[in-house]
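Report on the structure
These are the residues of each chain, in order.
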Amino acid sequence: MQPFQALVPQLREFYERKARMATEDVIAAARHEKIVCETTVRTGLLVETILAAESAAELVVLGQRGEGFEATGEWLGSNVERVVRKSIKPCLITPLEFRPIRSILAAYDGSQHANHALYTAVELAKSLEAKLTILTVETSHDEEQKSWALKEAMDLAARQGVVGRPVALHGAPEEKILEVASSQEQDLVVMGAYGHTRLRELVLGSTTNHIIRKSPIPVLLAR
């Protein structure tokens, strides 16, 4: 529309300047930690651009809070949720505050996705020299099923040279995972993400969605 046409170049300049400032901050932080860092600025739809760029990466890192958090109070930005739903790579969702990863919580339910997540948690525990807690949550009162899943997870970790601390609880998985993550000084939650199908793009899963929204610590969704 004619009255707003003159604003387009100004808006473009504003966002380009904002992007340059963001990349400069990242470069400075990486240089301080002596990490090699390459940056790029792209123009396009945010989610689609991130998904296109992830083909050259092994991990996608996203902030838990959206840019408008102060105004909306939404813990999980809508763009973050859309990326997590559609991504085919592991996604790390991080809260605002950073702290070193010294203790890892792996959520395990015996599924294929949980099995892959546990391998990821074990490898991270070894490389970071971090403690590993393995949590199983049984929604029924089948104690045998709960014990079997936890034993399987512990055996898998032991075969990879990691001694995990077992925790078996009963209740709603999302509540118990957050309870252990908050109360037992954990620094990272590792859990399985759903596969890349049209249905799972639409419904990420109530447990996963609840945890990445509410977790006070980073959550790594393994693919």
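Residues numbered from 1 in each chain as written. Predicted model: local features only at pLDDT ≥ 70, side-chain atom pairs only at ≥ 80, totals over all residues. Heavy atoms only, no water.

Considerations on the overall build of the protein
Within the protein, the secondary structure is distributed over 10 helices and seven strands. Across the 223 residues in the protein, those meeting the buried criterion constitute 36%. Long-range contacts, defined here as pairs at least 24 residues apart, represent 74% of the contacts in the protein between residues at least 6 apart. Surface accessibility of the protein: about 14,000 Å² in total, with carbon and sulfur atoms responsible for 55%. (Helix = DSSP H or I, 4+ residues; strand = E, 2+ residues; numbered from the N terminus. Buried < 20%, exposed > 50% of the residue type's maximum accessible area, 1.4 Å probe, protein only. Contact = heavy atoms within 4.5 Å. Areas by Shrake-Rupley, 256 points an atom, 1.4 Å probe, with all protein chains shown as cover.)

Some points on the sheet that holds strand E3 (residues 103-107)
Sheet strands pair by backbone hydrogen bonding; their relative direction is either parallel or antiparallel. The strand order across the open sheet formed by seven strands is E1-E2-E7-E6-E3-E4-E5, and the pairing between neighbours is mixed. Since the sheet does not close on itself, it has two edges, and those belong to strand E1 (60-63) and strand E5 (165-170), each with one partner. Between one strand axis and the next, the sheet turns by 20 degrees as a mean value, whatever way the strands run. (Pairing = 2+ DSSP bridges. Axes fitted to C-alpha atoms, helices over the stretch in contact; angles between N-to-C directions.)

Quick look at the environment of Arg 42
Here Arg 42 lies in the loop between helix H2 (7-32) and helix H3 (46-53). Remark: the alpha-carbon pair of Arg 42 and Glu 16, spanning 26 residues in sequence, is separated by 9.5 Å. Ignoring any residue separated from it by four or fewer positions in sequence, one finds Arg 42 in contact with Thr 49 and Ala 53.

Some remarks on the side chain of Thr 23
When you line up the elements, Thr 23 lands in helix H2. We classify Thr 23 as buried; its relative accessible area is 16%.

Details of the pattern of salt bridges
For the structure shown, the criterion picks out eight salt bridges. Between Arg 213 and Glu 81 there is a salt bridge, and its shortest N-O distance comes to 2.9 Å. Taken together, the residues Arg 213 in helix H10 (residues 206-214) and Glu 81 in helix H5 (residues 78-86) connect sequence positions 132 residues apart. For Arg 213, a relative accessible area of 23% translates into the label partly exposed. Residue Glu 81 is classed as buried on the basis of its relative accessible area of 10%. Between Asp 155 and Lys 151 there is a salt bridge, with its nearest N and O atoms 2.8 Å apart. Within this pair, Asp 155 and its partner Lys 151 are both found in helix H7 (residues 143-159), separated by four residues, close to a single helical turn. A cluster of three or more residues bridged by salt bridges with shared partners is formed by Glu 81, Arg 85 and Arg 213. (Salt bridge = Lys/Arg side-chain N within 4 Å of Asp/Glu carboxyl O.)

Observations regarding the side chain of Lys 89
Among the secondary structure elements, Lys 89 is positioned in the loop between H5 and strand E2 (91-94). Buried charged residue Lys 89 carries no salt bridge. Nearest counter-charge: Glu 54, at 6.1 Å. If near-sequence neighbours (up to four positions away) are discounted, Lys 89 is found in contact with Glu 54, Ser 55, Ala 57, Val 60 and Arg 223. (Lys, Arg positive; Asp, Glu negative; His and termini not counted.)

Topic: unusual backbone geometry
The phi dihedral of Lys 34 is positive, around 60 degrees, even though this residue is not glycine. Look at Glu 129: it is not a glycine, yet its phi comes out positive at around 55 degrees. Looking at the element boundaries, Glu 129 is found in the loop between helix H6 (112-128) and strand E4 (131-138). In this structure Glu 129 comes out as exposed when scored by relative accessible area, which is 75%.

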